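Architecture and fold: a report
So the chains spell out like this:
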Amino acid sequence: MIQSIVNLLPASWQYPNVTCARILLEGKVSQTANFAGGVDKQASAIHVHGKKVGVLEVHYLEKMPKSDEGPFLKWERSLLDAIAERIGKIVEHKKAEAELRLSHQKLRELYEHLQTAREGEQKRIAYEIHDDLGQILTALKMDVRWLSRELSDSTKAVRSRTHSMTELVDNAFRTVHEIASELRPTLLDDFGLSAQVLHHAEEFQKRSGVKCSVRIRPNEIVLDQERSVLAFRVFQELLTNVLRHSDAAKVNVSLVKSKAELKLEVRDNGKGIARGKISDRNSFGLRGIMERVTFWRGQVVIRGAPHKGTKVVVRLPLNRRGETP
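Within any chain, residue numbers begin from 1 and follow the written order of that chain's sequence. Local features in this predicted model are restricted to residues whose pLDDT is 70 or higher, and side-chain atom pairs enter the listing and the counts only when it is 80 or higher, whereas totals over whole chains, interfaces and linings include all residues. Only hydrogens and water are removed before side-chain values are computed, so all heavy atoms of the structure are retained for them.

**Describing the overall build of the protein**
For the purposes of this entry, the term helix denotes a DSSP run of H or I that reaches at least four residues, the term strand denotes a run of E that reaches at least two, and both are numbered from the N terminus. Of regular secondary structure, the protein possesses 8 helices and 9 strands. Taken over the C-alpha trace, the protein has a radius of gyration of 34 Å; the compact-globule value for 325 residues is 20 Å, which it surpasses by more than 25%. Principal-axis analysis of the C-alpha atoms places the extent of the protein at approximately 125 × 40 × 35 Å. Only protein chains enter the calculation, and the probe is 1.4 Å; a residue is then buried if its accessible area is under 20% of its type maximum, exposed if over 50%, and partly exposed in between. For the protein, buried positions account for 37% of its 325 residues. Within the protein, counting contacts between residues at least 6 apart in sequence, those at least 24 apart form 64% of the total. Note on areas: Shrake-Rupley, 1.4 Å probe, and residue coverage restricted to the protein chains presented here. Summed over its atoms, the accessible surface of the protein is roughly 19,800 Å², and 53% of this surface lies on carbon and sulfur atoms. C-alpha atoms define the radius of gyration, and 2.2 Å times the number of residues to the power 0.38 defines the globule rule. Every residue pair with non-hydrogen atoms within 4.5 Å of one another is taken to be in contact.

**Brief notes about the packing of helix H6 (residues 225–246) against helix H8 (residues 284–295)**
Where H6 meets H8, the axes come as close as 10 Å, and the angle between the chain directions of the two elements is 160°. With respect to each other, H6 and H8 are oriented roughly antiparallel. Remark: the crossing between H6 and H8 carries left-handed chirality. In this structure, H6 contributes Leu 230, Arg 233, Val 234, Glu 237, Leu 238 and Asn 241 to the contact, and H8 contributes Gly 285, Leu 286, Ile 289, Arg 292 and Val 293. Only the contacting stretch of a helix is used when fitting its axis, a line to C-alpha atoms as for every element, and angles between N-to-C directions run 0 to 180 degrees. Small angles under 35 degrees read as roughly parallel and large ones over 145 as roughly antiparallel, with 65 to 115 read as roughly perpendicular and the rest as oblique. A clockwise turn of the near helix away from the far one marks a right-handed crossing, whereas an anticlockwise turn of less than a right angle marks a left-handed crossing.

**Side note on the packing of aromatic side chains**
Side-chain rings of Phe, Tyr and Trp, where Trp is taken by its six-membered ring, are said to pair if the distance between their centres is within 6.5 Å; with planes under 30 degrees apart they count as stacked, over 60 as edge-to-face, and otherwise as tilted. As enumerated under the stated definition, the model contains 4 aromatic pairs in all. Where Phe 232 meets Phe 235, the ring centres are 6.4 Å apart and the plane angle is 50°; that geometry is what we call tilted. You can see Phe 232 and its partner Phe 235 sitting in helix H6, 3 residues apart, about one turn around the helix. Exposure class is identical for Phe 232 and Phe 235. Each is buried. Ring plane angle 80° and centroid distance 6.1 Å describe the contact between Phe 295 and Trp 296, whose orientation is recorded as edge-to-face. Here Phe 295 matches Trp 296 in class, with each residue buried. One aromatic cluster is present, formed by Tyr 15, Tyr 60 and Phe 72 through successive ring pairs.

**Notes on the layout of surface pockets**
Unfilled space is identified by rolling a water-sized probe across the atoms. Using a 1 Å grid laid over the protein atoms alone, points where a 1.4 Å probe fits but cannot get out form a cavity; open sets with protein on both sides within 12 Å along at least 5 of 7 lines form a pocket; any residue with an atom within 4 Å of a point counts as lining. Grid points are joined across faces, edges and corners, and a volume is the space filled by probe spheres set on the points. What the largest pocket holds in volume is close to 890 Å³. Lining the largest pocket are 33 residues, and of these Glu 182, His 200, Phe 232, Arg 233 and Gln 236 sit closest to its centre. Of all elements in the fold, only helix H2 (74–150), helix H3 (156–183), helix H4 (186–190), helix H5 (193–208), H6 and H8 reach the threshold of two or more residues within the lining of the largest pocket. Broken down by element, the residue count for the lining of the largest pocket peaks at 9 residues, all from H6. In this model, the second largest pocket occupies a volume close to 510 Å³. If you trace the second largest pocket, you find 22 residues lining it, with Asn 241, His 245, Ile 273, Lys 277 and Leu 286 closest to the centre. It is H6 that provides the largest number of residues to the lining of the second largest pocket, a total of 7 residues. Under the scheme applied, nonpolar residues are Ala, Val, Leu, Ile, Met, Phe, Trp, Tyr, Cys and Pro; charged residues are Asp, Glu, Lys and Arg; polar residues are all the others, including Gly. In terms of residue class, the lining of the second largest pocket is made up of 9 nonpolar, 8 polar and 5 charged.

Below, the structure written as structure tokens:
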């Protein structure tokens, strides 16, 4: 851009055939092809936030007749100052954009760090709940069974109460398992992404009544732990959004891994997401998905049509951080 400005300058002065120009800006030099340093020079400082960062110069290669400012005209001085001021504003704008991009990148890195720390803490809590509470409940169930045998000759009311205690312990077992699975999907660690996605889809269909069809290619998708967790959490959030907002009766899920990327597509037959909701600041689920996928240099495309449903396509590259596809 700076070079383009330099190249246009000679044609704007009264003797273009003998005019050359250059811009010295923050240690870098841009100049016309014929620049050689002239007999007469007109210069204007370039300022960014009140600090001089460069200079704009126009030179005549030959001695020209005297005019308002040496051989230069007043309007040429005004033009030079205006251009120098404009360059300063452009530099300010570019610096602000760079700082904003850096700030966004740091926020994304912090967000992903917090998500990773959260997943790690949830994994620890899940194992503690599963192991510690599981052992306690197992011991309690054994004691209840012993008590039931010892009271076999007791009244019907006592036998009924011990039976109820056994059922309560079994319900507690199921609750502990559900809580631990929600905190950290055990299938993801033990059997991989494909198994966890299929299991979650089955559970989603049972709980919601929404038919969930899943297609996975290849059948066993192997990824590093970070990407596996990310892909599953995105899938989990998309199904949650379907249940909360879409009024859909059916969801089609496609999970395909190629050499270059992992592609997740979730399509429902619900009422269709409104365009404004996609970028709504209060759509925390979608914004969270976009932030996490963007951090991994992925892409999220969301399309909705009234009464025709919503389709979300997530593409996650598999060659970041030195990973070989």
